[in-house]
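The lines below spell out each chain.
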Amino acid sequence: MSTHSKQKRLTTASIRAMKGNERVVCLTAYTTPIARLLDPHCDLLLVGDSLGMVLYGMETTVGVTLDMMAAHGRAVMRGVSHACVIVDLPFGSYQESKEQAFRNAVRLMQETGCDGVKLEGGEEMAETIAFLTARGVPVFAHVGLMPQLVNTAGGFRSLGHSEEEAVKIRRDALAVDEAGAFAVVVEGTVEPVARDITASLRVPTIGIGASPACDGQVLVSDDMLGLFNDFKPRFVKRFAELSPLVSQAAQTYAEEVRSGQFPAKEHTFQPKR
Ligand code: KIV
C-alpha cells in the first residue's frame, strides 16, 4: 500500500479522537467485495474472528487460526480506501505472553497492512496492551462478553446483572484504557454498566449488545444483512433480509438450468466471422 492511500484512510488516532464528538460506526468485514460495499459508510471495519462461525460454520471462535485472520485481513484491505481496519488476534495467539502477542500482532500488521489488532481481555491483558502500544501496535480492546472464553465461561450470555459482574467489567474497561487501548469493544453488557464505563473511559466504547449508551456500535455484517435465517439475538437489528433473496435466486437459477432457459442466446459466445 502506498503512503498516500494510507494517509487518506482513518487511523486509530482519528477513531480515538471521535470520543465525545461523533459516534463511531463499525461493522465486520471478511472479504474484498463486502469491504468495498461497507467502506464508504463505516469509520472502522473489523476483520473479526467471528469469521470462524460466519464463514466457516464453526460452533465457536476457538478454532480460528492466525493464517485465517491474515488471509481475510489481506482480502479486506484490498477493498478499503476510507475506513480504519482492525484485525482480530485469534484465540491462543496472544494469551501466552506479551512477546507472543507482539510477534503475532506484527505479523498481522505486516502481512495485511491493517491499522492495528483487537484482543479480548481486561485486567489480565493490560500489561500486554501496554507492551504492544509502546511498541507501535495500536490495540482495540474487548471486554464484557468475550467469545474466546466460551469454554471457561460455560456459554454466551449477557453480563453485568450481578454487582460482582458489573465490578469486573468496570475494572476491565478501566484497565485497558489505562494500558493504552485506542478504543474498547463492550459486548453483551447491561445498559447501566455500559453507560458508566462510557462515561469513565478516555477512549470510545464500541457496543455490541451493550445499549445505545456506548460511543459507537459494531455488528456482524452478515447478521445485520439478514443472511442467517436461524439466528436473531435481541441485540441484532436486521437492516436487510438477504437470505430469502439468495434462496429465491438459487431456486430460479436451478429451474432455468433444468428447463434449458439459461443460458440464453445473449449469454452465449458465437464464433467471430
Ligand atoms: O469477532 C468479532 O466479529 C467481534 C465483534 C462482534 C465485536 O469481536
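Cut-offs used in this document
Residues numbered from 1 in each chain as written. Predicted model: local features only at pLDDT ≥ 70, side-chain atom pairs only at ≥ 80, totals over all residues. Heavy atoms only, no water. Salt bridge = Lys/Arg side-chain N within 4 Å of Asp/Glu carboxyl O. Helix = DSSP H or I, 4+ residues; strand = E, 2+ residues; numbered from the N terminus. Buried < 20%, exposed > 50% of the residue type's maximum accessible area, 1.4 Å probe, protein only. Disulfide = S-S within 2.5 Å. Core = buried A, V, L, I, M, F, W, Y, C linked by side-chain atoms within 4.5 Å. Contact = heavy atoms within 4.5 Å. Phe/Tyr/Trp six-rings, centres within 6.5 Å; stacked < 30°, edge-to-face > 60°. Pairing = 2+ DSSP bridges. Axes fitted to C-alpha atoms, helices over the stretch in contact; angles between N-to-C directions. UniProt positions renumbered as here; feature names shortened; annotations may be inferred. Near = heavy atom within 4 Å. Polar contact = N/O pair within 3.5 Å; in protein donor to acceptor, adjacent residues only side chain to side chain. Areas by Shrake-Rupley, 256 points an atom, 1.4 Å probe, with all protein chains shown as cover. Nonpolar A, V, L, I, M, F, W, Y, C, P; charged D, E, K, R; others polar. Parallel < 35°, antiparallel > 145°, perpendicular 65-115°, else oblique. Left-handed = near helix turned anticlockwise from the far one by under 90°. Right-handed = clockwise from strand over helix to strand, strands pointing away.

**Details of the pattern of salt bridges**
Stage number 1. Summed over the entire model, instances satisfying the criterion amount to 15 salt bridges.
Stage number 2. Its salt-bridge partner being Lys-19, residue Asp-215 comes within 2.7 Å of it at the nearest N-O pair. On the criterion of sequence distance, the pair formed by Asp-215 in the loop between β7 (205–208) and β8 (216–219) and Lys-19 in the loop between α2 (12–17) and β1 (24–28) is long-range, its members being 196 residues apart. Side by side, Asp-215 and Lys-19 carry an identical accessibility label, which is buried.
Stage number 3. One salt bridge in this structure joins Arg-107 and Glu-111, with 2.9 Å as the shortest N-O distance.

**As for the state of the cysteines**
Stage number 1. Counted according to the given criterion, the structure contains zero disulfides.
Stage number 2. With no disulfide of its own, Cys-84 has Cys-114 as its nearest cysteine by sulfur position, at a separation of 8.8 Å.
Stage number 3. In this structure Cys-84 comes out as buried when scored by relative accessible area, which is 0%.
Stage number 4. A disulfide-free cysteine, Cys-214 has its sulfur positioned 12 Å from the sulfur of Cys-26, the nearest such atom.

**Side note on the nonpolar core**
Stage number 1. Counting 77 residues, the largest nonpolar core has Leu-45, Ile-129 and Leu-132 as the members making the most contacts within it.
Stage number 2. Residues in contact with Ile-129, not counting those within four places in the same chain, are Leu-119, Val-139, Ala-141, Val-176, Ala-179, Gly-180 and Ala-181.

**Considerations on the packing of aromatic side chains**
Stage number 1. In total, this model carries three aromatic pairs according to the counting rule given.
Stage number 2. Centre to centre, the rings of Phe-140 and Phe-182 are 5.4 Å apart; their planes meet at 35 degrees, and the pair counts as tilted. A residue pair is termed long-range when its members are at least 10 positions apart, and Phe-140 in strand β5 (residues 139–144) and Phe-182 in the loop between α9 (163–179) and β6 (183–187) qualify at 42 residues.
Stage number 3. On the basis of relative accessible area, Phe-140 is assigned to the buried category, the value being 0%.
Stage number 4. Given the relative accessible area of 5%, Phe-182 is considered buried.
Stage number 5. Ring geometry for Tyr-253 against Phe-262: centres 6.0 Å apart, planes inclined by 55 degrees, an arrangement best described as tilted.

**Some words on the sheet that holds β5**
Stage number 1. The strand order around the closed barrel built from eight strands is β1-β2-β3-β4-β5-β6-β7-β8, with neighbouring strands paired in parallel fashion. The sheet shows a mean angle of 25 degrees between the axes of neighbouring strands, taken without regard to direction.
Stage number 2. Where β5 meets β6, five bridges bridge the pair, whose relative direction is parallel. If you follow Val-143 over to β6, its bridge partner there is Val-186.

**A word on the UniProt feature "binding site: Mg(2+)" (unreviewed entry) in the chain**
Stage number 1. Annotation from UniProt places "binding site: Mg(2+)" (unreviewed entry) at Asp-49, Asp-88 and Glu-120. These annotated residues cover 72 residues of sequence, and their C-alpha atoms all fall within 10.8 Å of one another, placing them together at a single site.
Stage number 2. For Asp-49, the location among the structural elements is in the loop between β2 (44–47) and α4 (51–54).
Stage number 3. On the accessibility criterion, Asp-49 (4% relative accessible area) is buried.
Stage number 4. Residues in contact with Asp-49, not counting those within four places in the same chain, are Thr-61, Val-64, Met-69, Asp-88, Pro-90, Glu-120 and Gln-148.

**So, the site of the ligand**
Stage number 1. Taken together, the residues surrounding the ligand are Thr-28, Leu-46, Gly-48, Asp-49, Ser-50, Asp-88, Lys-118, His-142, Val-185, Ile-208 and Val-218.
Stage number 2. With respect to the ligand, the side chain of Asp-88 contributes an N or O atom lying 3.2 Å from an oxygen atom.
Stage number 3. A distance of 2.9 Å separates an oxygen atom of the ligand from a polar side-chain atom of Lys-118.
Stage number 4. For the ligand, the accessible surface in isolation is 260 Å², of which the surrounding protein chains cover 95%.
Stage number 5. Here the shell around the ligand is composed, by residue class, of four nonpolar, four polar and three charged.

**A few points about the packing of helix α7 (residues 126–134) against α9**
Stage number 1. In the contact formed by α7 and α9, the axes pass within 8 Å of each other and the chain directions differ by 20 degrees. Classed by the angle they form, the pair α7 and α9 counts as roughly parallel. In this structure, α7 crosses over α9, and the sense of that crossing is right-handed. Residues Ala-126, Ile-129, Ala-130 and Thr-133 of α7 form the contact with α9, whose own contacting residues are Ala-175, Val-176 and Ala-179.
Stage number 2. For the contact of α7 with α9, the residue count by class is six nonpolar, one polar and no charged.

**Describing the pairing of β6**
Stage number 1. Here β6 lies mainly inside the structure; five of its five residues are buried.
Stage number 2. Residue alternation in β6 divides its side chains into two sets, Ala-183, Val-185 and Glu-187 and Val-184 and Val-186, and both sets are buried.
Stage number 3. Pairing of β6 with β7, which is carried by four bridges, proceeds in the parallel orientation. Bridging from a neighbouring strand, Val-185 pairs with Ile-206 of β7.
Stage number 4. Between the parallel pair β6 and β7, the chain is carried across by helix α10 (residues 191–200), and the sense of this crossover is right-handed.

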